[in-house]
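# Structure at a glance
As a plain string of letters, each chain reads:
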Amino acid sequence: RRHTRYIGDWSSDVCSSDLNTTATRVGANGLIENVSSNVPRLDYPLIDGVVQDCPALLLEPSRQNRFIRSEEFDNSTWIKTRSSIIANQVTAPNGSNTADELREDTQTGAHYFYDIDYNRSDQNTFSIFAKYKGNDRGLAISFGGASTGTAYFNLRDGVIETNNADRAVMIKYPNDWYRCVITEDPTSTFDPIFYIYQIGNTSSTSYTGDGSSGIYLWGA
């Protein structure tokens with residue numbers, strides 16, 4: 001399985017000619033596509049997950065993706081707690097069969113996985129593609145825990161149930177995928193944590209898992 005340092009709008013300037021690598025856009029088919037160097041990125045807007053007819057030149061500031069294993073959640077870089085990653089379960093937003101499942105175990109507690117501690121004081125944005133699997137499970141993204149910014153993304157109904165971060169956005173893509181985004185100004189050491197939670201219960205991410213429920217994820 002490949003890994004990528006860049007996904008979506010982290011890769012960029014006005015066009016990919018400014019890069020030493022490929023950049024991405026949303027194509028006319030609604031899939032995320034790579035664009036070669038020296039080729040302007042004509043991006044097709046999405047409205048409620050529907051691809052619009054007229055593309056526009058994709059203009060973005062430069063971004064760096066700090067998740068160096070952004071499509072390999074089964075890699076040991078991602079630390080799992082009361083959960084496991086099942087690789088390559090469904091079709092990802094780019095049309096490849098590389099989307100993973102985050103599956104809860106049968107223990108009581110929070111079911112999640114996270115990347116290494118960032119230990120930064122500047123503003124950070126976490127973003128991941130998520131898809132509903134069933135069993136009323138959603139995605140919660142947190143900056144380190146309950147005392148810091150957390151947003152709860154209802155993947156069944158396509159709404160943000162609760163948010164106490166500086167900013168949270170849920171963008172609908174084709175095939176029932178959502179790009180879930182959270183931004184916070186951390187003041188101390190933190191971990192980017194991705195929880196499974198029970199839809200309708202945003203007071204706690206702790207519950208007894210059934211060993212089979214989970215959510216689909218791709219492209220952190």
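Scroll up to find the structure.
In this report, the structure presented in the accompanying data block is examined. Note that the structure is predicted; figures quoted are calculated from it, not measured.

## What to know about the overall build of the chain
- Each helix and strand in the chain was counted, giving 0 helices and 19 strands.
- The buried share of the chain, reckoned over its 220 residues, is 49%.
- Of the contacts made within the chain by residues no fewer than 6 positions apart, 64% connect residues no fewer than 24 positions apart.

## A short note on the packing of aromatic side chains
- Inspection of every chain in the model, using the stated rule, returns 14 aromatic pairs.
- Judged by centre distance (5.0 Å) and plane angle (50°), the rings of F67 and W78 are tilted. Remark: W78 occurs in the loop between β6 (56-57) and β7 (79-81) and F67 occurs in the loop between β6 and β7; sequence separation between them is 11 residues. An identical accessibility class is assigned to F67 and W78; each is buried.
- Within the aromatic cluster, the residues linked to one another by ring pairs are F67, F73, W78, F113, F126, F143 and F194.

## Focus: the sheet that holds strand β11 (residues 124-132)
- Strand order in the open sheet formed by 6 strands is β8-β9-β19-β11-β16-β15, with antiparallel pairing between adjacent strands. At either margin of the open sheet sits one strand with a lone partner, and together these are β8 (83-90) and β15 (167-172). Going from strand to strand, the sheet's axes swing by 30° on average, the running direction of each strand aside.
- Taken together, the 4 bridges between strand β9 (residues 99-104) and strand β19 (residues 214-218) define a ladder with antiparallel strand orientation. Looking at β19, one finds that L102 is bridged to I215.

## Considerations on a nonpolar patch on the surface
- Judged by side-chain polarity, L42, L57 and L59 come together as a nonpolar surface patch covering roughly 280 Å² of accessible area.
- Looking at the element boundaries, L59 is found in the loop between β6 and β7.
- Classification of L59 by relative accessible area gives exposed; the value is 58%.

## Let's talk about the pattern of salt bridges
- Counted according to the given criterion, the structure contains 8 salt bridges.
- Notably, a salt bridge pairs R137 with D210, separated by 3.7 Å at the nearest N-O pair. Of this pair, R137 sits in strand β12 (residues 137-143) while D210 sits in the loop between β18 (206-208) and β19, and the two are 73 residues apart along the sequence.
- Of the residues examined, D210 reaches a relative accessible area of 38% and is grouped as partly exposed.
- Between D157 and R156 there is a salt bridge, and its shortest N-O distance comes to 3.0 Å.
- The class for D157 is partly exposed, based on a relative accessible area of 44%.

## Focus: the environment of Y216
- Among the secondary structure elements, Y216 is positioned in strand β19.
- Once residues within four sequence positions are removed from consideration, Y216 is found in contact with Q89, V90, D100, E101, F129, A130, K131, Y132, K133 and W177.

## Some words on the nonpolar core
- By size, the foremost hydrophobic cluster in this structure holds 28 residues, and its most contacted members are L139, I141, L155, C180 and L217.
- Among the elements of the structure, β11, β12, β13 (150-154), β15, β16 (177-184), β17 (192-198) and β19 are those that each provide at least two residues to this core.
- Discounting residues that sit within four places of it in the chain, L139 has contacts with I128, A130, A151, Y152, F153, L155, C180, F194, Y195, Y197, I215 and L217.
- Residues V90, A92, Y173 and Y216 belong to the second largest nonpolar core, which totals 10 residues.

What counts, and where the lines are drawn
- Residues numbered from 1 in each chain as written.
- Predicted model: local features only at pLDDT ≥ 70, side-chain atom pairs only at ≥ 80, totals over all residues.
- Heavy atoms only, no water.
- Helix = DSSP H or I, 4+ residues; strand = E, 2+ residues; numbered from the N terminus.
- Buried < 20%, exposed > 50% of the residue type's maximum accessible area, 1.4 Å probe, protein only.
- Contact = heavy atoms within 4.5 Å.
- Phe/Tyr/Trp six-rings, centres within 6.5 Å; stacked < 30°, edge-to-face > 60°.
- Pairing = 2+ DSSP bridges.
- Axes fitted to C-alpha atoms, helices over the stretch in contact; angles between N-to-C directions.
- Patch = residues over 30% accessible without salt bridge, like charges linked within 9 Å, V, L, I, M, F, W, Y side chains within 5 Å.
- Areas by Shrake-Rupley, 256 points an atom, 1.4 Å probe, with all protein chains shown as cover.
- Salt bridge = Lys/Arg side-chain N within 4 Å of Asp/Glu carboxyl O.
- Core = buried A, V, L, I, M, F, W, Y, C linked by side-chain atoms within 4.5 Å.

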